[in-house]
Amino acid sequence: MSVIYSAGVPAEAAGSSTYKELSVFGDVFERVRAQYVTPPAEDKLIENAINGMLSSLDPHSSYMNAKDAEDMRTQTKGEFGGLGIEVTMEDELVKVITPIDDTPAAKAGVLAGDYISEIDGQSVRGLKLEDAVEKMRGAVNTPIKLTLIRKGADKPIELTIVRDVVAVQAVKSRVEDDVGYLRIISFTEKTYPDMEKAIKKIKDTVPADKLKGYILDLRLNPGGLLDQAINVSDALLQRGEVVSTRGRNPDETRRFSAGPGDLTDGKPVIVLINGGSASASEIVAGALQDLRRATVLGTRSFGKGSVQTIIPLGENGALRLTTALYYTPSGRSIQGTGITPDIKVEEPLPEELQGKMVTEGESSLRGHIKGQSETDEGSGSVAYVPPDPKDDVQLNYALDLLRGKKTDPAFPPNPDKAVVAK
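About the cut-offs
Residues numbered from 1 in each chain as written. Predicted model: local features only at pLDDT ≥ 70, side-chain atom pairs only at ≥ 80, totals over all residues. Heavy atoms only, no water. Helix = DSSP H or I, 4+ residues; strand = E, 2+ residues; numbered from the N terminus. Rg over C-alpha atoms; globule rule 2.2 N^0.38 Å. Buried < 20%, exposed > 50% of the residue type's maximum accessible area, 1.4 Å probe, protein only. Contact = heavy atoms within 4.5 Å. Pairing = 2+ DSSP bridges. Domains from an automatic or database assignment. Salt bridge = Lys/Arg side-chain N within 4 Å of Asp/Glu carboxyl O. Axes fitted to C-alpha atoms, helices over the stretch in contact; angles between N-to-C directions. Left-handed = near helix turned anticlockwise from the far one by under 90°. Nonpolar A, V, L, I, M, F, W, Y, C, P; charged D, E, K, R; others polar. Right-handed = clockwise from strand over helix to strand, strands pointing away. Phe/Tyr/Trp six-rings, centres within 6.5 Å; stacked < 30°, edge-to-face > 60°. Lys NZ or Arg CZ within 6 Å of the ring centre and 35° of its normal. Polar contact = N/O pair within 3.5 Å; in protein donor to acceptor, adjacent residues only side chain to side chain. Patch = residues over 30% accessible without salt bridge, like charges linked within 9 Å, V, L, I, M, F, W, Y side chains within 5 Å. Areas by Shrake-Rupley, 256 points an atom, 1.4 Å probe, with all protein chains shown as cover.

If you check an unreviewed UniProt entry, the chain appears there as Carboxyl-terminal processing protease from Rhizobium aethiopicum.

Structure, rendered in structure tokens:
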């Protein structure tokens, strides 16, 4: 869960006493390398030592080897070489939830509900889901053979599919009769462009005089790129500071503001959050709440108010280092506290999940940076969203507010009463 900068940051030299201590590390490393009961992997020893140092700082600082760094870049870019299917694991087989439109899998005839039993002739039984997914990803224009088990088919189906660039959808949208619904899944390089297209599609579907407003669903959104959180906020604002980041030195404070232009033409907006809303999603919720552009509904967010900078290292690895905390327009840090909704609405858990879901937040993470406003109450709440919108209490509460079936003093908010830092 993160807000990420990508930057090259110069390092300052340590004092001589520090280098003396480092010589002790060198002695220990040599002893382990030469005398441990079984020959250790030297690269793993060093990697684990680095991660031990970083994990002592906070839960979000870490070292990424070349593979981890590449995975992170793929995740934030929002596209990869692959087939274009959403999958899960069921009965030791990879089950296709849905093929993504206009991707190699969809064009080849893969259907929702298919089970993948073999990848390039090798059984998927015994594989973890992430390992199976890794096998299906690969370089663009390379072939892969899948063996599918399909209900109603009398024998397995074999397909050879050529991988292509697959764009991961960052924003999902739909029209709820007279309300536009936008769910931001994560903050990647594709988030703002996807949001722009989604709002245009909603406007084209529902006439302006019939459109009651928008629901921006940030539940279960773990965060991502800082600039995308700023762009999403800016898309709904005409002016005002969106967020500021403050590092170790006062002169490193950075402020980011919104410019003119509201993609929703000033229509009412309700933001949904829960314990799974973290980092970049909290920036958006906090900005829209402080500037009174939107009403925030749901339960307390995760409370991750720190910024990680990605610093490239040798051999294509990278250092992920916490370098700043971010602050909402009112000047509050939500580190360890989270965003408190304007309207608290609990999402009931189904009977099979009651007592099995633990409330987690930044404040419960071992070694987290203690927030300036953090209390024993902590941050976070249950992170659950019903799969069927008809059962979604928070969503339906928001719809009732937008349609005037329910009223609350917090809706609609008054922009003239925006809360900003003095």
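Read on for the rest.
Student: Any chance you could explain the overall build of the chain here in plain terms?
Tutor: Each helix and strand in the chain was counted, giving nine helices and 21 strands. For the chain, the C-alpha radius of gyration of 24 Å lies close to 22 Å, the compact-globule estimate for 422 residues. Counting only C-alpha atoms, the chain reaches 75 × 70 × 40 Å along its principal axes. Taken across its 422 residues, the chain has 43% of its residues classed as buried. Looking at the chain alone, contacts between residues at least 24 apart form 71% of all its contacts between residues at least 6 apart.

Student: In this structure, what is going on with the sheet that holds strand 13 (residues 213-217)? I would like to understand it.
Tutor: Sheet strands associate in pairs through backbone hydrogen bonding, adopting either a parallel or an antiparallel arrangement. Taking strand neighbours across the sheet as the criterion, the six strands line up as 11-12-13-17-18-21 in an open arrangement whose pairing is mixed. With one partner strand each, in any of the chains shown, strand 11 (171-176) and strand 21 (343-344) form the two edges of the open sheet. Relative to strand 21, strand 18 (residues 295-298) runs parallel, the two sharing two bridges. Looking at strand 21, one finds that Gly298 is bridged to Lys344.

Student: Can you help me understand the domain arrangement of the chain in this one?
Tutor: By a widely used convention, the size of an interface equals the accessible area lost when the partners come together. Per the domain assignment, the segments making up the chain are domain 1 (79-167) and domain 2 (171-417). Taking the mean C-alpha position of each, domain 1 and domain 2 sit 33 Å from one another.

Student: Just to check I follow, could you spell out the environment of Thr76 for this structure?
Tutor: By the secondary structure assignment, Thr76 is in helix 3 (residues 66-77). With relative accessibility at 12%, the residue Thr76 sits in the buried group. The spacing of Thr76 and Lys190 is 114 residues in sequence and 8.6 Å in space, taken between C-alpha atoms.

Student: In this structure, what is going on with the pairing of strand 8 (residues 143-149)? I would like to understand it.
Tutor: Note on strand geometry: in a regular strand, side chains alternate between the two faces of the sheet. Of the pairings in the sheet, the one linking strand 6 (residues 115-119) to strand 8 comprises four bridges and is antiparallel in character. Looking at strand 8, one finds that Tyr115 is bridged to Ile149. The pairing of strand 8 with strand 9 (residues 157-162) spans six bridges and is antiparallel. Directly across from Pro143, in strand 9, lies its bridge partner Val162.

Student: When you look at the pattern of salt bridges in this model, what are you seeing that I'm missing?
Tutor: Where charged atoms from two side chains of opposite charge approach closely, those side chains can pair. Scanning all chains against the criterion turns up 25 salt bridges. The residue Glu70 makes a salt bridge to Arg73 at a minimum N-O spacing of 3.4 Å. Separated by three residues within a single helix, Glu70 and Arg73 lie in helix 3, roughly one turn from each other. Here Glu70 falls in the partly exposed class, since its relative accessible area comes to 40%.

Student: How should the packing of helix 1 (residues 16-35) against helix 2 (residues 42-55) be read in this particular structure?
Tutor: In a pair of packed helices, the angle between the axes and the distance between the axes together describe the arrangement. Relative orientation of the contacting elements helix 1 and helix 2 amounts to 145°, with a least axis distance of 11 Å. As helix 1 runs across helix 2, the sense of the crossing is right-handed. Judged by residue contacts, Phe25, Phe29, Val32 and Arg33 of helix 1 engage Glu42, Leu45, Ile46 and Ala49 from helix 2. The class makeup of the residues in the contact of helix 1 with helix 2 is six nonpolar, no polar and two charged.

Student: Looking at this model, I keep getting lost on the pairing of strand 13. Mind explaining?
Tutor: Judged by how many residues are buried, strand 13 sits mostly within the fold: five of five residues are covered. Neither face of strand 13 is exposed, since Gly213, Ile215 and Asp217 on one face and Tyr214 and Leu216 on the opposite face are all buried. Summarising the sheet, strand 12 (residues 179-184) and strand 13 pair through five bridges and their orientation is parallel. Looking at the pairing, Arg183 lines up with Asp217 of strand 13. Running through helix 6 (residues 191-205), the crossover from strand 12 to the neighbouring parallel element strand 13 is right-handed.

Student: How should I be thinking about the environment of Ala34 in this particular structure?
Tutor: Within the secondary structure, Ala34 is located in helix 1. Ala34 gets classed as exposed once you look at its relative accessible area, which sits at 55%. It is 43 Å that separates the C-alpha atoms of Ala34 and Asn249, two residues lying 215 residues apart in sequence.

Student: Looking at this structure, how should I read the packing of aromatic side chains?
Tutor: Two numbers describe a pair of aromatic rings. These are the distance of the centres and the angle of the planes. One pass over the structure, following the stated rule, counts zero aromatic pairs. A cation over an aromatic ring shows up here: Arg137 above the ring of Phe80, its NZ or CZ 3.9 Å from the ring centre. Of note, Arg174 hangs over the ring of Tyr181, and the distance from its end group to the ring centre comes to 4.0 Å.

Student: Any chance you could explain the side chain of Asp178 here in plain terms?
Tutor: With respect to the secondary-structure elements, Asp178 resides in the loop between strand 11 and strand 12. Residue Asp178 is classed as buried on the basis of its relative accessible area of 17%. Separated by 2.8 Å, the side chains of Asp178 and Arg403 make a polar contact. Contact partners of Asp178, with chain neighbours within four places excluded, come to Lys210, Leu211, Lys212, Gly213 and Arg403.

Student: Whenever I open this one, a nonpolar patch on the surface confuses me. Can you help?
Tutor: Side chains of Tyr19, Leu22 and Phe25 sit close together on the surface and give an oily, nonpolar patch of about 320 Å² of accessible area. If you trace the backbone, Leu22 turns up in helix 1. When its relative accessible area of 46% is taken as the criterion, Leu22 is described as partly exposed.

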